[in-house]
Amino acid sequence: MNSDEKEDCECAAPQAESSPAGGAYREYEEPELENPEASRMKRAAAKHLIERYYHQLTEGCGNESCSNSWCASSVAFSRMDNNTAAVKALELYKVNAKLCDPHPSKKGSASAYLESSALNNSACSNRKMNHRDFHFVRDNFKDVNYLTEDKVYEILDICGEKEDYSPLIRVIGRVFSSAEGLVQSFRRSKPHTKEELKSLQGKDEDKDEDEKEAAACSATAMEEDSPTSSSSSRLGEGSSAENDVHKVAPDEVSVDIEAVRRVYERLLSNEKIEAAFLNALVYLSPNVECDLTYHNVYSRDPNYLNLFIIVMENSNLHSPEYLEIALPQFCKAMSKLPLVAQAKLARLWSHYSAKQIRRMVETFQQLITYKVISNEFNSRNLVNDDDAVVAATKCLKIVYYANVLGGDLDMEHNEEEDEEPIPESSELTLQELLGEERRNKKGPRVDPLETELGIRTNDCRRPLIPFEEFVNEPLNEVLEMDKDYTFFKVETENKFSFMTCPFILNAVTKNLGLYYDNRIRMYSERRITVLYSLVQGQQLNPYLRLKVRRDHIIDDALVRLEMIAMENPADLKKQLYVEFEGEQGVDEGGVSKEFFQLVVEEIFNPDIGMFTYDEGTKLFWFNPSSFENEGQYTLIGIVLGLAIYNNCILDVHFPMVVYRKLMGKKGTFRDLADANPVLHQSLNELLEYEGSVEEDMMITFQISQTDLFGNPLMYDLRENGDKIPVTNENRKEFVAQYAEYMLNKSVEKQFKAFRRGFHMVTNESPLKYLFRPEEIELLICGSRNLDFLALEETTEYDGGYNRDSRIIKEFWETLHSFGEEQKRLFLQFTTGTDRAPVGGLGKLKMIIAKNGPDTDRLPTSHTCFNVLLLPEYSSKEKLRERLLKAITYAKGFGML
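The rules behind the values
- Residues numbered from 1 in each chain as written.
- Predicted model: local features only at pLDDT ≥ 70, side-chain atom pairs only at ≥ 80, totals over all residues.
- Heavy atoms only, no water.
- Helix = DSSP H or I, 4+ residues; strand = E, 2+ residues; numbered from the N terminus.
- Buried < 20%, exposed > 50% of the residue type's maximum accessible area, 1.4 Å probe, protein only.
- Contact = heavy atoms within 4.5 Å.
- Areas by Shrake-Rupley, 256 points an atom, 1.4 Å probe, with all protein chains shown as cover.
- Core = buried A, V, L, I, M, F, W, Y, C linked by side-chain atoms within 4.5 Å.
- Phe/Tyr/Trp six-rings, centres within 6.5 Å; stacked < 30°, edge-to-face > 60°.
- Lys NZ or Arg CZ within 6 Å of the ring centre and 35° of its normal.
- Patch = residues over 30% accessible without salt bridge, like charges linked within 9 Å, V, L, I, M, F, W, Y side chains within 5 Å.
- Salt bridge = Lys/Arg side-chain N within 4 Å of Asp/Glu carboxyl O.
- Axes fitted to C-alpha atoms, helices over the stretch in contact; angles between N-to-C directions.
- Parallel < 35°, antiparallel > 145°, perpendicular 65-115°, else oblique.
- Left-handed = near helix turned anticlockwise from the far one by under 90°.
- Nonpolar A, V, L, I, M, F, W, Y, C, P; charged D, E, K, R; others polar.
- Expected span 1.5 Å × (residues − 1).
- pLDDT = per-residue confidence, 0-100.
- Lys, Arg positive; Asp, Glu negative; His and termini not counted.
- Charge placed at Lys NZ, Arg CZ, Asp CG, Glu CD.
- Pairing = 2+ DSSP bridges.
- Disulfide = S-S within 2.5 Å.

1. Points about the overall build of the protein chain
Working step 1: A tally of helices and strands in the protein chain yields 42 helices and 12 strands.
Working step 2: Of all 896 residues assigned to the protein chain, the portion counted as buried reaches 49%.
Working step 3: Sequence-distant contacts in the protein chain: of pairs separated by 6 or more residues, those separated by 24 or more amount to 75%.
Working step 4: Total accessible area computed for the protein chain in this model is approximately 43,700 Å², and 49% of it derives from carbon and sulfur atoms.

Right under this line is the structure:
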């Protein structure tokens, strides 16, 4: 028999599926009767058939009318798990059971299987294959179970020579669809010692080729589609690949990230190879999700994290091909990572560049946006129930904290906690009256990942990429905030709340969540008061009532608030109801707005001396030499807290460092740039001075300030500071100590009292959890940008007016012609404040209603509801004259 005839015989046996089972089995069991090459080919044929039976049992042929009782596509077929299917596949092979041909509509793994079958058949039919080609096919379809950079380049070069990349595509498909293979791939290795090399060589020589082939036939046949439990156990036990890498520290990873990036850069330029990554990810993700959900695989093998690191380095993840199936499934798997693993990923990614962080952010953001736009979310179909959006948001949180960790951190300068706890209500709560424990007694919520990492968002002075890039506007538009807030408060595992990921929400959405929280707390306090009055028989007082005289507003308001703060601080969380003595206005919100405006004007009057005013920056700062006691500052803090709590905007001008301090961070030299730019510039010049500081400037660690009367006050930044010169060596310490004194120590008593009052109202609020310092300023002060064109777009009309009415057109022409100050007066007249709400004037719902025919009466307004009552004046000139007079003399309330 010549060599060609011999090869014909060897290849014919595996293809003869209709051959008697006994004959096939005898050939498989008696390899010693054949030469080694024929024996190997027959084992390969057996493995090939077992694989086909296994896929038929688990996936089916794709033909809905299939009559094969051992096919998953058949109506009569009983579903079985992967382990049972693996055993059954061996049994079906032994009895030579019927095999279905995959239906043309079958996609995914079936199509990959057909490709594999076709390639195997073509390999067998090529009877004149040379020895090198044969071993090349064998190596890349059987022996390569994990990849290294060198191995990829070796296969790539061979494929390039032959202009056939299918072997490489198969290897990528096998490795990247196997959790075990991917975890072992691209490991960072250390050089082997001589003893280790000898040991490895000895092991390789002792291994029997037949044993390896038998193992491949019985186990590897189902490896690519193996049950997740078996994959998990293998990962936990370790592998030979793990023996080749050195052990890593808890916060290190064993994967060579730079090698992964180089490999992706070489391979992703080929469209066919790119498709292999896509298909492999679709197959990999469900198994990984199962591993993490049910088998706790990460705790047994921390290297499991390598899988996510490698996949996330794929720069094409955000492309349209991945958005439909592959990326959503991968995000679901990634969201199942335990907290420790998420923290490790965040620490790793924090060392990435801003460009790499931005790429990952864009990947998850594109998926969220795609899902939001392609679905119609509403109150019945909540975006909170979309698994892909929720999973992508959870993954985005990991990148968010990596962005924080990788930014400019200030972990040291933290405000000390109040020595005395904020007094709780002397009354019983509703839960306590019903015999239940009070909820949220431990204080405001803290994100678990934040705790695991040991950082806070406020610790970051400047992130790698701006926080604004994490906000997803399409998501904010479809989010039903009332439902989301409910999920946030209930904290169930079944319902996800986007308020647990506040970085993805804009200030308007978060403000709405805070509004719901405040209102529910008000209603809760009201119910508690009613119930308490029934139990104790006390007078019903469900509101925080303040009756004040306009001429003595500070005395009346602050004295009343001081009494409430001392007797029962919980009353501060009731809905505010203000009444001006001698006036008939009913407070539906408008009277409270003017009350806050008047209180702020009085408190921040420089003549009172509680705050100093900087003409250059137009900002207020605490007066370190004020004669007012700490109680006055506490009451000012209460006022600011009440403004947020009652959704009122204040005309307050503090530097940003005040809001940072309210959020628990001390002021530093960097904050002087905003609070005191002249001093900041002087100290910066001191730091940059190239000459001898000691000889040329002759300054010491003693500084001076002036009190209210202009008298100098000396302060030593260090003990005996007047005797310690500032030198080039200690000037950084001098600058830091100077800033510490100016922003913290000099106003310590005043600020602590102020913060204490603020927390009396907001201590149980999710304010700290949801908002950053700059957003707190926006909440309190509103937006300084007044866009009246946006206001015109959102204004509604009533009483016979509409957008096309003559008087309405003349009104807007007149208003747009006003100067900046006149526009602010109009806003004050109509809404009770001259500032725009969070989100700008476009978020203000103003109504212009008809108030009779032409008349000499002035326009009037209901500031509680932002309603302008406008008579139908006969001319544009008369409209302008009447409107200007109304907004110029607009103090006080009356009943029409």
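2. Considerations on the nonpolar core
Working step 1: One finds Phe176, Phe308 and Trp349 to be the most contacted residues of the largest nonpolar core, which totals 186 residues.
Working step 2: Counting residues per element, this core draws most heavily on helix H22 (residues 387-405), which supplies 13 residues.
Working step 3: Excluding its chain neighbours within four sequence positions, the residues that come into contact with Phe308 are Val288, Leu292, Phe330, Ala333, Met334, Leu337 and Leu345.
Working step 4: By size, the runner-up hydrophobic cluster in this structure holds 26 residues, among which are Ile807, Phe818, Ala836 and Leu879.

3. Concerning the packing of aromatic side chains
Two aromatic rings, taken as a pair, are described by how far apart their centres are and by the angle between their planes.
Working step 1: A full pass over the atoms with the stated rule returns 35 aromatic pairs.
Working step 2: Between Tyr400 and Phe503 the ring centres are 4.6 Å apart and the planes differ by 15 degrees, which places this aromatic pair in the stacked class. A residue pair is termed long-range when its members are at least 10 positions apart, and Tyr400 in helix H22 and Phe503 in the loop between helix H26 (481-490) and helix H27 (507-536) qualify at 103 residues. One exposure class covers both Tyr400 and Phe503, and it is buried.
Working step 3: One aromatic cluster is present, built from ring pairs that chain together Phe604, Phe611, Tyr613, Phe620, Trp621, Phe622, Tyr633, Phe654, Tyr659, Phe751 and Phe754.
Working step 4: Of note, Arg261 hangs over the ring of Tyr352, and the distance from its end group to the ring centre comes to 4.7 Å.
Working step 5: Positioned above the aromatic ring of Phe701, the side-chain terminus of Arg718 is 5.1 Å from the ring centre.

4. Some points on a nonpolar patch on the surface
Working step 1: Side chains of Val530, Leu534 and Val535 sit close together on the surface and give an oily, nonpolar patch of about 280 Å² of accessible area.
Working step 2: The residue Leu534 is located in helix H27 in this model.

5. So, the packing of helix H21 (residues 354-374) against H22
Working step 1: Where H21 contacts H22, the two axes come as close as 9 Å, and the packing angle between them is 160 degrees. Here H21 is positioned roughly antiparallel relative to H22, judged by the angle of their axes. Considering the relative orientation of H21 and H22, their crossing is left-handed. Here H21 contributes Ile357, Met360, Val361, Phe364, Gln365, Leu367, Ile368 and Lys371 to the contact with H22, which in turn contributes Ala388, Val389, Ala392, Thr393, Cys395, Leu396, Val399, Ala402 and Asn403.
Working step 2: For the contact of H21 with H22, the residue count by class is 13 nonpolar, 3 polar and 1 charged.

6. Some details on helix H41 (residues 820-831)
Working step 1: For H41, spanning 12 residues, the distance from its first C-alpha to its last is 16 Å, which sits close to the expected 16 Å at 1.5 Å a residue.
Working step 2: Restricting attention to buried positions, one finds in H41 the residues Lys823, Arg824, Phe826, Leu827, Phe829, Thr830 and Thr831.

7. What about the pattern of salt bridges?
Pairing is possible between side chains that carry opposite charge, provided their charged atoms lie close to one another.
Working step 1: Following the criterion strictly, the structure yields 34 salt bridges and no others.
Working step 2: Lys618 serves as the salt-bridge partner of Glu615, at 3.7 Å between the closest nitrogen and oxygen.
Working step 3: The exposed category is assigned to Glu615, whose relative accessible area is 55%.
Working step 4: Lys618 gets classed as partly exposed once you look at its relative accessible area, which sits at 46%.
Working step 5: With a closest N to O distance of 3.6 Å, Lys885 and Glu881 form a salt bridge. Of this pair, Lys885 and Glu881 both sit in helix H42 (residues 876-888), 4 residues apart, roughly one helical turn.

8. Here's the deal with the confidence of the model for the protein chain
Working step 1: Predicted confidence across the protein chain gives a mean pLDDT of 78, with 78% of residues reaching 70 or more.
Working step 2: Looking at the elements of the protein chain, mean pLDDT is at its lowest for helix H2 (residues 21-29), recorded as 35, and at its highest for H22, recorded as 96.
Working step 3: Every residue in residues 1-34 scores below 50 in pLDDT, and together they form 40 contacts with partners more than four places removed in sequence or on other chains.
Working step 4: Across residues 196-246 the pLDDT falls below 50, and counting only partners more than four positions away or on other chains, this stretch makes 82 contacts in the model.

9. As for a negative patch on the surface
Working step 1: Where like charges cluster on the molecular surface, the negative patch consists of Glu694, Glu695, Asp696 and Glu729.
Working step 2: Glu694 gets classed as partly exposed once you look at its relative accessible area, which sits at 40%.

10. Topic: the sheet that holds strand S10 (residues 847-850)
Working step 1: Within the open sheet, the 4 strands sit side by side as S9-S10-S12-S11. Their pairing is mixed. Two strands close off the open sheet at either side, each with one partner strand: strand S9 (796-798) and strand S11 (860-862). Geometrically, the sheet is characterised by an average inter-axis angle of 25 degrees between neighbouring strands, direction not taken into account.

11. Concerning the environment of Phe496
Working step 1: Assignment of secondary structure puts Phe496 in the loop between H26 and H27.
Working step 2: Put simply, Phe496 and Val383 are 113 residues apart on the chain and 9.6 Å apart in space, counted from C-alpha to C-alpha.
Working step 3: With sequence-adjacent residues up to four places away left out, Phe496 is seen in contact with Asn384, Val390, Thr393, Lys394, Asp484, Phe487 and Cys501.

12. Structural notes on the state of the cysteines
Working step 1: All told, the structure shown has 0 disulfides when counted by the stated rule.
Working step 2: For the unlinked cysteine Cys100, the closest cysteine sulfur is that of Cys66, found at 3.6 Å.
Working step 3: Judged by relative accessible area, Cys100 falls into the buried class, the value being 12%.

13. Considering the pairing of strand S6 (residues 619-622)
Working step 1: The alternating pattern of S6 places Leu619 and Trp621 and Phe620 and Phe622 on opposite faces, both of which are buried.
Working step 2: Of the strand pairs in this sheet, strand S5 (residues 611-614) and S6 are connected by 4 bridges, and their pairing is antiparallel. Bridge pairing in S6 places Asp614 opposite Leu619.

14. Comments concerning helix H19 (residues 326-334)
Working step 1: With respect to burial, H19 is a largely interior element, 7 of its 9 residues being buried.
Working step 2: The set of residues buried in H19 consists of Ala326, Leu327, Pro328, Phe330, Cys331, Ala333 and Met334.
Working step 3: On its buried side, H19 packs onto helix H15 (271-294), helix H17 (305-312), helix H18 (320-323), helix H20 (339-349), H21 and H22.

15. Remarks on the packing of H17 against H19
Working step 1: One can describe the packing of H17 onto H19 by two numbers: an axis separation of 12 Å at closest approach and a directional angle of 145 degrees. Of the two elements, H17 crosses H19, and the hand of that crossing is left-handed. Residues Leu307, Phe308, Val311 and Met312 of H17 touch H19, and the partners they reach there are Phe330, Ala333 and Met334.
Working step 2: A class-by-class count of the residues in the contact of H17 with H19 yields 7 nonpolar, no polar and no charged.

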